[in-house]
Amino acid sequence: MKPGSLFAKINRPGSLNARSLLIYRNVVQSVFVKGIGILISFLTIPLTLKYINLEDFGIWMTITFLTSWFSLIDVSFGNGLRNKLVTFFTTGDVQTARKYISTLYALSLCVALLLTILFLTIGHYIQWTSVLNIQSSEPEQVNDIITYTLISFSAQLILKPINSILFADQKAAWVGWILLLTNGVIITIVYFGASTFDKSLLIIAHIYNLVPLVVLGLVSLYFFHYLYAGIAPRFMAIDFSLSHELFSLGGKFFILQLISILVFTSGGLFISYFLGSASVGPYSIANKYFSVITVLHGIVITPYWSAFTDAYVKHDKVWIRDTMRQLNHIGLGMALLAGLMALAANSIFRLWVGPAITVPVDLSLSLMAYVVSFVFLSNYNSLINGTGQIRLLMYASLIGVVVYVGLTTILFRWLEAGPASVVIAGTVWNVSMLLVCRAEYKKIMYGL
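Okay, so let's go over this structure.

What counts, and at which threshold
- Throughout, residues of each chain are indexed from 1 in the direction in which the sequence is written.
- Reporting in this predicted model follows two pLDDT cut-offs: at least 70 for local features of residues, and 80 or more for side-chain atom pairs to be given and counted; totals over whole chains, interfaces and linings ignore these cut-offs and use all residues.
- The side-chain numbers reported here are obtained from all heavy atoms of the structure, hydrogens and water having been left aside.
- Helix and strand labels come from DSSP, where a helix needs a run of H or I of at least four residues and a strand needs a run of E of at least two; each type is numbered from the N terminus.
- We call a residue buried when its accessible area falls under 20% of the maximum for its residue type, exposed when it is over 50%, and partly exposed in between, using a 1.4 Å probe and counting protein chains only.
- Residues are treated as being in contact if the distance between any of their heavy atoms lies within 4.5 Å.
- The Shrake-Rupley method, run with a 1.4 Å probe, gives the accessible areas here. Residue values count only the displayed protein chains as cover.
- Here a helix's expected span is defined as the number of its residues, less one, multiplied by 1.5 Å.
- Here a salt bridge means any side-chain nitrogen of Lys or Arg lying within 4 Å of a carboxyl oxygen belonging to Asp or Glu.

Take the overall build of the chain next. A tally of helices and strands in the chain yields 18 helices and zero strands. Within the chain, the fraction of its 448 residues that count as buried is 55%. Contacts spanning at least 24 positions in sequence make up 85% of the contacts within the chain whose residues lie at least 6 apart. For the chain, the accessible area works out to roughly 19600 Å², and carbon and sulfur atoms hold 68% of it.

Here is the structure:
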């Protein structure tokens, strides 16, 4: 299939149905893919607990939260390309698409090299165990593992632009397949390697760091050889004069993604800093449990980004309005599901991880409120991102993140709210950004 063949369908008469049909196909595929992915992610917790002790599990969860701070950097610049590719695919401008893709890969390589140098330098002078309040009998090994994991992440940046291309070509479900393949290989190695490898934190780090590199590398070669041969990156197609354009929109996404990293993935780091790494375990278990809501909603909302871009370019106001109404109805269903999950939480935790880790009730209730607010925020945020009208959201986020950090500190230090502190502050941030996004939505609709 040639690049943009899917987008050609959108240009035919009856494009409203064609656009929605693409979304529904992605959702149906993603339900299956993400369903298996959720099962695998839940199985990794007890398997990992059997592989390493409870102390190392808390340490590994802290490391995971740390790398999450950087895991969306590739998405930020890729999002700038993503919106561009929707236009290129629609018009069939393969040559220009190749230039942008080649340039993005070159920029990703430069960023990866810079981050590698940065992490090696930081790792030489900074004791991560002290900064993150990690209690370990082998602090030097933990410091090395953190540096190693961050460098591995940097290498993944070079390979992840393929995800932005698939998103732009309305193949969101395929991105889910890549993640499922990665996690499937990881859990297989963890399960069968338990009787072969030494059970240690270092082995776990090797598995989680190297498998994504191998999978992303092989998948990228496959797609660029078969499906996207016409736009495969080439050295001669690199045009650094496009960097400003990529960074202009991508730079705004970069700021938003950094803020998102701080708010959405920093909970474990704040808990480790204020309470110690031993307190990260219960939070990570509860967070994983309620993330089922965000994953399920992600199945629905992910294909809409590029669809909103297409509708915005074509001034399809009716489709946007009707779609937003449908998404909010889905949000109400997700809220009901979150409430049922909160009622069943303690029973599920006992069946899932046993008595080794206890999750406080207030933490479960806080996470319930958090995921519900996140769902409604995602609905409007998807539209704002798809249109590229993110300036107001960027400024509001910069102000909001200061409030978030301040509120988190107050909740930890003076109100002693425990691990729920980060969740409460995150919910306040979600609601605030939801109000901003809804106001921007009305402004966009008025201008169409």
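A separate point is unusual backbone geometry. For E416, which is not glycine, the phi torsion reads 50° and is therefore positive. Its location among the elements puts E416 in the loop between α17 (391-413) and α18 (420-447). You can call E416 exposed: its relative accessible area is 67%.

In a regular helix each residue adds 1.5 Å, so 23 residues correspond to 33 Å; α17 covers 34 Å between its end C-alpha atoms and thus fits that length. Among the residues making up α17, those that are buried are L393, M394, A396, S397, G400, V401, Y404, T408, L411 and F412.

This part covers the pattern of salt bridges. Enumeration according to the criterion identifies one salt bridge in this entry. The partner of R325 in a salt bridge is D322, with the nearest N and O atoms 3.2 Å apart. Of the two residues, R325 and D322 are both situated in helix α15 (residues 317-353); the distance of three residues between them amounts to about one turn of the helix. What makes R325 partly exposed here is its relative accessible area of 42%. Since its relative accessible area comes to 29%, D322 is described here as partly exposed.

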